[in-house]
Amino acid sequence: MAEEKTVLLLGGSGGIGSALADGLRAAGWKVAAPGRAELDLEKPASIEAFFAKNPAGFYAVVQCAGFNNPKPFEALTRADVSRTMEINVMGFFDVLRRAVPLMKQNGGGGRILAVSSIYGSFSRAGRLAYSMSKHALNGMVKTLALELAPHGITVNSLAPGFVATEMTTRNNPPEVVKELESHIPVGRLARPEEIAATALFLLGPAASYINGAVITADGGYSAGGFQK
Ligand SMILES: NC(=O)c1ccc[n+]([C@@H]2O[C@H](COP(=O)([O-])OP(=O)(O)OC[C@H]3O[C@@H](n4cnc5c(N)ncnc54)[C@H](OP(=O)(O)O)[C@@H]3O)[C@@H](O)[C@H]2O)c1
């Protein structure tokens, strides 16, 4: 990379996020990866405080934070849905409300990337709140892609299938993981580094013509309609 690029990475402590932070640093990026104590997506005041401390903004913003607490519809409360929406969508919206004007002001283009999910286009029983949030995230991405392209800022979603992180193991017991793997053509969960590599590509100069896209990285899981 000719010049150092700065990136605000949300969820940098997570399974995918920490692999992405490592990959970005190795590629020469300057990474700001605030922990929840510094930037809590459920607390607009903490987002304000973070940008007050970082007035220059960032070349790129990546949403890699996420929350998924599966429940059947009857057990799901309004608070469950709200929390999922706050972390996965609305907090990111608040971050972009602060980050985008600074990107435009800097005038050098930029990148916005949301780590969405295949459940931004499909769903699974018990994932109402999560799927709803990821569909909303993809809608936000597509609209922003239209509005920000004239400023040289591209906006995309990355839609992983199942990744070997705590989120997956927490929500799927080992026998369920085994069953899921039997439906994935590649035959296994993704390694976080594989998702990070796709994100790195989308953040880099080679992806300059990809805008408003949902890039799937699911080992072929959705290609055959989730069938074996
Ligand atoms: N794992 C998968 O199979 C999979 C598949 C498709 C899409 N995804 C998406 O990929 C992204 C990363 O997933 P992952 O598997 O790496 O998850 P993970 O290991 O559970 O990490 C989640 C991250 O989100 C952060 N976070 C949660 N609530 C937050 C809040 N209120 N404010 C700020 N940060 C918050 C966590 O911070 P703390 O460390 O403070 O908890 C952590 O860094 C998520 O958007 C997820 O939906 C994952």
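Further up the page is the structure itself.
Values in this document were obtained by computation on a predicted structure and should not be read as measured data.

Procedures and definitions
Residues numbered from 1 in each chain as written. Predicted model: local features only at pLDDT ≥ 70, side-chain atom pairs only at ≥ 80, totals over all residues. Heavy atoms only, no water. Phe/Tyr/Trp six-rings, centres within 6.5 Å; stacked < 30°, edge-to-face > 60°. Buried < 20%, exposed > 50% of the residue type's maximum accessible area, 1.4 Å probe, protein only. Helix = DSSP H or I, 4+ residues; strand = E, 2+ residues; numbered from the N terminus. Arc of directions from axis to C-beta. Contact = heavy atoms within 4.5 Å.

1. Some remarks on the packing of aromatic side chains
Point 1. Taken as a whole, this structure holds eight aromatic pairs when the rule is applied.
Point 2. Relative to Phe 58, the ring of Phe 50 lies with its centre 6.1 Å away and its plane at 15°, an arrangement referred to as stacked.
Point 3. Given a relative accessible area of 3%, Phe 50 falls into the buried group.
Point 4. Using a relative accessible area of 7% as the deciding quantity, one classes Phe 58 as buried.
Point 5. Seen from their ring centres, Tyr 119 and Phe 162 are 6.3 Å apart, and the 75° between their planes marks the pair as edge-to-face.

2. A few points about helix 6 (residues 174-183)
Point 1. Burial in helix 6 covers these residues: Val 177, Leu 180 and His 183. Down the axis of helix 6, the buried side of the element spans an arc of 115°, and every buried residue falls inside it. The outward face of helix 6, more than 90 degrees from its buried face, is lined by the exposed residues Pro 174, Glu 175 and Lys 178.

3. Examining the side chain of Ser 133
Point 1. Among the structural elements, Ser 133 can be located in helix 4 (residues 128-148).
Point 2. Excluding its chain neighbours within four sequence positions, the residues that come into contact with Ser 133 are Thr 84, Met 85, Asn 88 and Val 89.

4. Overview of the environment of Gly 224
Point 1. Relative to the assigned elements, Gly 224 resides in the segment after strand 6 (214-217).
Point 2. Residue Gly 224 is classed as partly exposed on the basis of its relative accessible area of 45%.
Point 3. With 40 residues separating them in the primary sequence, Gly 224 and Ile 184 have C-alpha atoms 9.3 Å apart.

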